[in-house]
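Read off the chains here:
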Amino acid sequence: MAILNKNSNVSEFILLGLSSSQELQLLFFAIFILVYVAIIVGNLLIIISVIFDNHLHSPMYFFLANLSFFDLCFSSAATPKVIADFLRKRKTISLWGCMVQMYFMHFFGGGEMSLLIAMAIDRYVAICKPLHYQTIMNHRMLIGFLVLSWAVGFIHTTSQMVFMVGLPLCGPNVVDSIFCDLSLVIKLACTDTYNLKLLVIADSGLLSLVCFILLAISYIIMFVTLWQCSSSASSKAVSTLSAHITVVILSFGPAILIYVFPFNSYSVDKFLSVFYTIITPFLNPIIYTLRNQEMKGAIKRLCSRNIISCLDT
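The protein goes by Olfactory receptor in an unreviewed UniProt entry, where it is assigned to Sciurus carolinensis. On record in UniProt, under Sequence similarities (unreviewed entry), the comment for the protein is "Belongs to the G-protein coupled receptor 1 family." Database annotation for the protein, UniProt heading Subcellular location (unreviewed entry): "Cell membrane".

Asks: Before we move on, can you summarise the overall build of the protein with the specific residues and values?
Replies: Across its full length, the protein carries eleven helices and three strands. The helix and strand sequence of the protein, counted from the amino end, reads β-α-α-α-β-α-α-α-β-α-α-α-α-α. Per-residue burial for the protein yields a buried fraction of 47% across its 313 residues. In the protein, the proportion of contacts linking residues at least 24 apart, taken out of those at least 6 apart, comes to 79%. With an accessible surface of roughly 15400 Å², the protein has 70% of that area assigned to carbon and sulfur atoms.

Asks: So what's going on with the UniProt feature "transmembrane region" (unreviewed entry) in the protein? Residues and values would help.
Replies: In the numbering adopted here, UniProt assigns the feature "transmembrane region" (unreviewed entry) to residues 26–48, 60–83, 103–121, 142–163, 206–229, 241–261 and 273–291. As annotated, residues 26–48 has a helix share of 100% and a strand share of 0%, and its two end C-alpha atoms lie 33 Å apart. Helix makes up 100% of residues 103–121 and strand makes up 0%, while its end C-alpha atoms are separated by 27 Å.

Asks: How would you summarise the pattern of salt bridges if you had to cite specific residues and measurements?
Replies: Pairing between side chains of opposite charge can happen when the charged atoms of each approach one another. Counted by the stated rule, this structure contains five salt bridges. Between R90 and E12 there is a salt bridge whose closest N-O contact spans 3.3 Å. Pair noted here: R90 is in the loop between α3 (79–85) and β2 (92–94) and E12 is in strand β1 (residues 12–15), with a separation of 78 residues, a long-range link. By relative accessible area, E12 is classed as partly exposed at 25%. Residue K81 is joined to D85 by a salt bridge in which the shortest nitrogen-to-oxygen separation is 2.7 Å. With K81 and D85 both in helix α3 and four residues apart, this pair spans about one turn of that helix. With a relative accessible area of 22%, K81 lands in the partly exposed category. Sharing partners across several salt bridges, the network here consists of K81, D85 and R88.

Asks: Provide a residue-level description of the nonpolar core, including the pertinent values.
Replies: Counting residues in each nonpolar core, the largest one holds 83 residues, and the members touching the most others are F13, M102 and M164. The element that contributes the greatest number of residues to this core is helix α4 (residues 95–128), accounting for 16 residues. With residues up to four places along the chain from it excluded, the contact list for M164 reads M99, M102, L182, V185 and I186.

About the criteria used
Residues numbered from 1 in each chain as written. Predicted model: local features only at pLDDT ≥ 70, side-chain atom pairs only at ≥ 80, totals over all residues. Heavy atoms only, no water. UniProt positions renumbered as here; feature names shortened; annotations may be inferred. Helix = DSSP H or I, 4+ residues; strand = E, 2+ residues; numbered from the N terminus. Buried < 20%, exposed > 50% of the residue type's maximum accessible area, 1.4 Å probe, protein only. Contact = heavy atoms within 4.5 Å. Areas by Shrake-Rupley, 256 points an atom, 1.4 Å probe, with all protein chains shown as cover. Salt bridge = Lys/Arg side-chain N within 4 Å of Asp/Glu carboxyl O. Core = buried A, V, L, I, M, F, W, Y, C linked by side-chain atoms within 4.5 Å.

Structure below.
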């Protein structure tokens, strides 16, 4: 990453957080730490189940395990610092800490968007070309989609941060959020940032919007295909697709609202940011486990296997 602009005299940022009330801070601390523990446990359960359960060694669960990994990393980029700040009266983050936080949040966020598209392609092939599914979704194709997701995440965040690290920051240094948000930090630069703001909107907002539209079209095609069928397999596919669509809406919806249709109300922006970074990684494992009998069965087998091994020792 490039060296920060020498004209910058800001060494840290002050985060205003969600509230100045001490009572609310403690309440938020309790809620956020419970949600973060649930994020870790839920996503790790999915990852471990897919790795060790032979029933889940298929392309769909390969993508699901990697989505859980992205969710885990994405949430961990900011949530631990947010939780710790609820116990501090003065919430600060160093300049480099802020840059690193924004880098990894956009890295894993961009990678997750690409992975959701790969998951949609997998379901499209399974539903619309079932006889060729094993041939098309082979091991090489899966690795290719995964590498592409990491590459998109890297390009997505680097293309923005390479300009961000060179901005002169002369003050103020107050960020009205619970973590470093790219659009808010740009506003603190003591230079014209109009072109950079357009880049952020085009890179983050329009990318999210275009991907969401493409995903919506693909799922409509799949639902039309399933509607023409009347088998039990189609009802199972509809249940799987509904889970995928819910995750897509939760992942893309807040990002589109933040970057494409920004609100003037900071309270709304804060709510969307919290929802996008904390709630969505928490809901994803719940949605996939509660709507998926195979996943629930694998988790039960994993838990029972560990209990039996503990009793044997």
